[in-house]
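The primary structure of each chain is shown beneath.
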Amino acid sequence: MSNPDAAEADLLGQEDYVQLVTPEGERHANPTFDPWVADVTDEQLAGLYEDMVVVRRIDVEATALQRQGQLALWPPLLGQEAAQIGSARALRDDDFIMPSYRENGVAYCRGVALDDLVRVWRGYAHGSWDPQEHRMAIPAVIIGAQTLHAVGYAVGIMKDGADSAAITYFGDGATSQGDTNEAMIFAATYHAPVVFFCQNNHWAISEPVELQSKQHISERAPGFGIPSMRVDGNDVLAVMAATRVALDRAHTGGGPTYIEAVTYRMGPHTTSDDPTRYRSAEELAEWKAKDPIARLEKYLESRGAMTEELRARVNAKADSVAAEFRAGCIDMPKPEPMSLFDNVQVETNPVLERQRAQYAAYLAAFEGGE
């Protein structure tokens, strides 16, 4: 926005979440956010729909691969497709992403190779892709740590005199971590061009969001001096609008913004989790009725843009991607044992070299020496 102070007043005035498309597929007018998605055509909406369908198919396939012993672990994003696709498609190519471990939908939008989505979860690498190539860091499993990395990167952007931004993704559970709160302090202090994107999926493993915050999570940010928005995270259009607002603020010198995308994790926290032990079938059914993909499909139908040709094309794309994804996982070449020491640190050191030598001697003790 051209006037950061006016933007801050508008954002702080939000009392509940912003919704542009209802679960029934009806479009709600919003004079504040409508201009930010006025350029989105039916063709682009169809593209967002395809992204979400394909990403969900990848997610379901990865879960199956884990159940079949092909992956050690997988963090499903089932139900959070709109939050990830809507925000990722709002980013510029030069914006940098600091994700948690669940942003496989964001990685797909960033062009990460399908087999790279599972390389870490298969136990074949320390990191799955080149962060500079995709302008996206590798998954961060330490809860909340990536928020500090994002702020540091954003301060670097400022020092370089660039007009790009950083965005960091995290869940509602991460808001209780010290790193996340410290990151907001630094972001506000240095007026860093960073977007804090909280996917409030209601469950931090088995702990409900009510134990993380007695008020809306987005209400915390203004206490740090950061304007915030609370959006319907299952509404891909609202998510895109909010992210565009936040990015424009960052790109034009307005500083940090905090987005709380209210969504729901319909699957387990990871494939090692059993969500039936801590949440009810009724709650799950309530959120299934707010499914982000079904919502956009209904909206496209209301506009006459959901044709049988589109459905067939999207389903064919999902089938093709799933087949490629599965093959890439199963046929992935096994890493050489000594590659365990590659890319651990930028420069080697005596401790790492000693460990390398010890492991080489250990391997040599086996028949065949490898």
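Residues numbered from 1 in each chain as written. Predicted model: local features only at pLDDT ≥ 70, side-chain atom pairs only at ≥ 80, totals over all residues. Heavy atoms only, no water.

Q: Explanation requested: the sheet that holds strand β7 (residues 257-262) in the structure shown.
A: Note on sheets: strands pair through backbone hydrogen bonds, and any given pair is parallel or antiparallel. Here we have 5 strands laid out as an open sheet, ordered β1-β2-β3-β7-β6, and parallel in their pairing. The open sheet has two free edges, formed respectively by β1 (96-98) and β6 (228-232), since each of these has just one partner strand. The mean inter-strand angle of the sheet, taken between neighbouring strand axes irrespective of direction, is 20°. Strand direction decides the pairing type here: β1 and strand β2 (residues 166-171), joined by 3 bridges, are parallel. Across the sheet, residue M98 finds its bridge partner in β2, namely T168. On the sheet, helix α6 (residues 145-160) packs against β1, β2 and β3 (194-200) and is oriented at approximately 170° with respect to β2. (Pairing = 2+ DSSP bridges. Helix = DSSP H or I, 4+ residues; strand = E, 2+ residues; numbered from the N terminus. Axes fitted to C-alpha atoms, helices over the stretch in contact; angles between N-to-C directions. Contact = heavy atoms within 4.5 Å.)

Q: Honestly, the layout of surface pockets in this entry has me stumped. Any pointers?
A: A probe matching the size of a water molecule, rolled over the atoms, marks out where space remains unfilled. Computed from the structure, the largest pocket encloses a volume of approximately 440 Å³. Lining the largest pocket are 21 residues; nearest its centre among them are A125, H126, G127, D342 and N343. For the lining of the largest pocket, the secondary-structure elements that each account for two or more residues are β1 and α5 (131-134). A class-by-class count of the residues in the lining of the largest pocket yields 13 nonpolar, 6 polar and 2 charged. Approximately 310 Å³ is the volume found for the second largest pocket. What lines the second largest pocket is a set of 23 residues, and nearest its centre among them are Y101, I143, G171, G173 and A174. Listed by contribution, the elements that provide at least two residues to the lining of the second largest pocket are β2 and β4 (203-204). Here the lining of the second largest pocket is built from residues that sort into 9 nonpolar, 11 polar and 3 charged. (1 Å grid on protein atoms, 1.4 Å probe; cavity = no way out; pocket = protein on both sides within 12 Å on 5 of 7 lines; lining within 4 Å. Points joined across faces, edges and corners; volume = space filled by probe spheres on them. Nonpolar A, V, L, I, M, F, W, Y, C, P; charged D, E, K, R; others polar.)

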